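The chain contents come next:
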Amino acid sequence: MVRDIGIHGNLFGGTMLSWIDEAAGSYAAQICHSPNLVTVKIEEVVFEKAVKAGQQIRIYGEVAAVGNTSITLSIEARKYNVYSTDESVVCRTRIVFVRIDEGGDPVPVPQLVKDRYNK
Ligand SMILES: CC(C)(COP(=O)(O)OP(=O)(O)OC[C@H]1O[C@@H](n2cnc3c(N)ncnc32)[C@H](O)[C@@H]1OP(=O)(O)O)[C@@H](O)C(=O)NCCC(=O)NCCS
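Analysis parameters
- Sequence order as written defines the numbering, with residues in each chain counted from 1.
- Given that the model is predicted, a residue must reach a pLDDT of at least 70 before its local features are reported, and side-chain atom pairs must reach 80 or more before they are shown or counted; all residues, however, enter totals for whole chains, interfaces and linings.
- Buried Ala, Val, Leu, Ile, Met, Phe, Trp, Tyr and Cys residues whose C-beta atoms connect them within 7 Å together make up a nonpolar core.
- Around each residue's C-beta, the other C-beta atoms within 10 Å are counted; 20 or more make the residue buried, 12 or fewer make it exposed, and counts in between make it partly exposed. All C-beta atoms are placed from the backbone.
- Labels follow the DSSP assignment, with helices taken as runs of H or I lasting at least four residues and strands as runs of E lasting at least two, numbered in each case from the N terminus.
- Placing a C-beta atom from the backbone of each residue, one calls two residues in contact when those atoms lie within 7 Å.
- What makes a residue near a molecule or strand is its C-beta atom, placed from the backbone, lying within 6 Å of it.
- Any residue outside Ala, Val, Leu, Ile, Met, Phe, Trp, Tyr, Cys, Pro, Asp, Glu, Lys and Arg is labelled polar, Gly included; the first ten of those are nonpolar and the last four are charged.
- Should DSSP find at least two bridges between two strands, the strands are taken to pair.

Draft legend 1. View of the nonpolar core. The biggest cluster of nonpolar side chains holds 20 residues, and the ones touching the most others in it are Ala24, Ala28, Ile71 and Leu73. At the level of elements, helix H1 (13-32), strand E4 (70-80) and strand E5 (87-99) are the ones that each hand at least two residues to this core. Here the element with the most residues in this core is H1; it accounts for seven residues. When sequence neighbours within four positions are dropped, the list of residues in contact with Ala24 reads Gly61, Leu73, Ile75 and Ile95.

Draft legend 2. Just the environment of Leu112, in detail. Along the chain, Leu112 turns up in helix H2 (residues 111-117). Residues Leu112 and Leu11, 101 residues apart in the sequence, show an inter-C-alpha distance of 39 Å.

Draft legend 3. Seen up close, the environment of Ile100. On the secondary structure map, Ile100 appears in the loop between E5 and H2. Remark: the alpha-carbon pair of Ile100 and Thr85, spanning 15 residues in sequence, is separated by 39 Å. Setting aside anything within four residues of it in sequence, one finds Ile100 in contact with Asn36, Val38, Asp105, Pro106 and Val107.

Draft legend 4. Representation of the site of the ligand within the structure. In the neighbourhood of the ligand, 13 residues make up the surrounding shell, with Val38, Gly67, Asn68, Thr69 and Ser70 lying closest. When residues of the shell around the ligand are traced back to their parent elements, those giving at least two are strand E1 (37-42) and E5. If one sorts the elements of the shell around the ligand by residue count, E1 sits on top with four residues. Here the residues of the shell around the ligand are counted per class, giving six nonpolar, six polar and one charged.

Draft legend 5. Structural context of the pairing of E4. Both strand E3 (residues 56-66) and E4 contribute to a ladder of ten bridges, which runs antiparallel. Residue pairing in the sheet places Glu62 in a bridge with Ser74 of E4. Linking two consecutive strands that pair antiparallel, namely E3 and E4, is a turn of three residues. Pairing of E4 with E5, which is carried by eleven bridges, proceeds in the antiparallel orientation. In the strand pairing of E5, Tyr80 is matched with Glu87. Counting the residues in the hairpin turn of E4 and E5 gives six residues, including Thr85, whose phi is positive at 65°.

Draft legend 6. Structural view of unusual backbone geometry. Of note in this structure, His33 is not a glycine but carries a positive phi near 55°. By secondary structure assignment, the location of His33 is in the loop between H1 and E1. The phi dihedral of Thr85 is positive, around 65°, even though this residue is not glycine. Looking at the element boundaries, Thr85 is found in the loop between E4 and E5. The exposed category is assigned to Thr85, around which 7 C-beta atoms lie within 10 Å.

Put into structure tokens, the structure is as follows:
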């Protein structure tokens, strides 16, 4: 949307980061079978291509690592062309989430998740 565009006519980077954090957090919650996750780190973020108003963005993630209480996702945001269905990467990063209890302290990711991804 036009409201998401910065002064150079491109999507504002902070807006893209917000979308990535939200999408990745949702995916991490599904993987960990828990909504109680916080973002502890967003690694290097590379904005490879400009995004303009009206373009569609798809955000993809895959599990890069599962620790004791943390999960690291590799993220790609891609521009999607509705005519051709082509996709091209516009932004890449990795995000680390930590599973927490009600007091905000780290708690282990379920063993079945560790077993699934740490082979
Ligand atoms: C996430 C948080 C609970 C971790 O607390 P902590 O005291 O550092 O806990 P620990 O040292 O036991 O680390 C817990 C896990 O976080 C990981 N971690 C902590 N700091 C990290 C960092 N800078 N980079 C990557 N991983 C980190 C640890 O490696 C550990 O993972 P593991 O159990 O899989 O090995 C705490 O830092 C926090 O509440 N941060 C704020 C989160 C938040 O509000 N996010 C929203 C962004 S505004």
